Amino acid sequence: MIAALALIGSASSAVAQTLPVFQFREIRADQPIDPQSIGFKECQSLENGLRRCMPRSGSDRVANVFVIPMMILNGSKLASFELIGIQSGYGSIKDAFAAKYGTPCQSRTDKWQNRIGNSFDNEVTVWCFATGRLELKALGNQVDQWQARYVDAVNTPPSTPKVDF
């Protein structure tokens, strides 16, 4: 029994070790990042030592789709990376991610609701990486936008509870 558990444990470790590191163009989750050198303008300081960085131009193109990229750094390491684009580009982005990152590790359908109460099915596709996950949502913050967000489990500081007096 103990040998079987040891075998299962080593098998799951081997699976975890085979996951790739998240990479998007010059951004690698396991390497320090200099935002200025990859075309991101000066970063804005947030709480917990985080910095939010946007590109100099404000937008970019990925798979022939206009996107708005943003990354959050914890020190010089990637804590999260986000792309937002208009709904018509969703299929192209999903295909490009599948070509680059391979088969998703998860797919699901969430309920999405707008401000006036209309509900929609929101297709969510997830790619797993050595240190985090990339979620592509068909519906982002608005019904006419999609959203892709990588969150790094290693470089993201723990959330601090908000105290409201």
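Everything below is about the structure printed above this text.
About the cut-offs
Residues numbered from 1 in each chain as written. Predicted model: local features only at pLDDT ≥ 70, side-chain atom pairs only at ≥ 80, totals over all residues. Heavy atoms only, no water. Disulfide = S-S within 2.5 Å. Helix = DSSP H or I, 4+ residues; strand = E, 2+ residues; numbered from the N terminus. Buried < 20%, exposed > 50% of the residue type's maximum accessible area, 1.4 Å probe, protein only. Phe/Tyr/Trp six-rings, centres within 6.5 Å; stacked < 30°, edge-to-face > 60°. Core = buried A, V, L, I, M, F, W, Y, C linked by side-chain atoms within 4.5 Å. Contact = heavy atoms within 4.5 Å. Polar contact = N/O pair within 3.5 Å; in protein donor to acceptor, adjacent residues only side chain to side chain.

*Asks:* Would you take a moment to explain the state of the cysteines for this structure?
*Replies:* Here a disulfide denotes a covalent bond joining the sulfur atom of one cysteine to the sulfur atom of another. Summed over all chains, the structure comprises two disulfides. At a sulfur-sulfur separation of 1.8 Å, the disulfide partner of cysteine 43 is cysteine 53. Residues cysteine 43 and cysteine 53 are joined through a disulfide that is right-handed, its torsion about the S-S bond being 105 degrees. Of the two residues, cysteine 43 sits in the loop between β2 (27–28) and β3 (44–45) while cysteine 53 sits in strand β4 (residues 50–53), which places them 10 residues apart along the sequence. Residue classification places cysteine 43 among the buried residues on the basis of a relative accessible area of 15%. Assessed through its relative accessible area of 0%, cysteine 53 is described here as buried. Two residues share a disulfide in this structure: cysteine 105 and cysteine 128, whose sulfurs sit 2.0 Å from each other. Taking the torsion about the S-S bond as the criterion, the cysteine 105 to cysteine 128 disulfide, at about 65 degrees, is right-handed.

*Asks:* When you look at the packing of aromatic side chains in this model, what are you seeing that I'm missing?
*Replies:* Aromatic ring pairs are described here by two measures, namely the spacing of the ring centres and the angle between the planes. A complete count under the given rule lists 10 aromatic pairs for this structure. Taken together, a centroid distance of 4.8 Å and an interplanar angle of 35 degrees make the contact between phenylalanine 24 and phenylalanine 81 tilted. Residue phenylalanine 24 is found in strand β1 (residues 23–24), and its partner phenylalanine 81 is found in strand β7 (residues 77–86); the two are separated by 57 residues along the sequence. Overall, the relative accessible area of 10% leaves phenylalanine 24 in the buried class. Owing to a relative accessible area of 3%, phenylalanine 81 belongs among the buried residues under this scheme.

*Asks:* How should I be thinking about the nonpolar core in this particular structure?
*Replies:* One broad rule of soluble globular proteins: the nonpolar side chains tend to lie buried together. Of all hydrophobic cores here, the largest spans 29 residues; its most connected members are Phe22, Met71, Leu78, Phe81, Phe97, Leu134 and Trp146. Sorting the residues of this core by element identifies β6 (65–74), β7, α2 (90–101), β10 (132–137) and β11 (145–152) as the ones contributing at least two each. When near neighbours in sequence (up to four residues on either side) are disregarded, phenylalanine 81 contacts Phe22, Phe24, Ile27, Phe40, Pro69, Met70, Met71, Ala148, Arg149 and Tyr150.

*Asks:* Teacher, can you tell me more about the side chain of glutamine 147 here?
*Replies:* Tracing the backbone shows glutamine 147 in strand β11. Among the polar contacts listed, one links the side chain of glutamine 147 to the side chain of glutamate 82, at a separation of 2.7 Å. Setting aside residues no more than four positions away along its own chain, glutamine 147 makes contact with Glu82, Leu83, Ile84, Glu135, Leu136, Lys137, Gly140 and Asn141.

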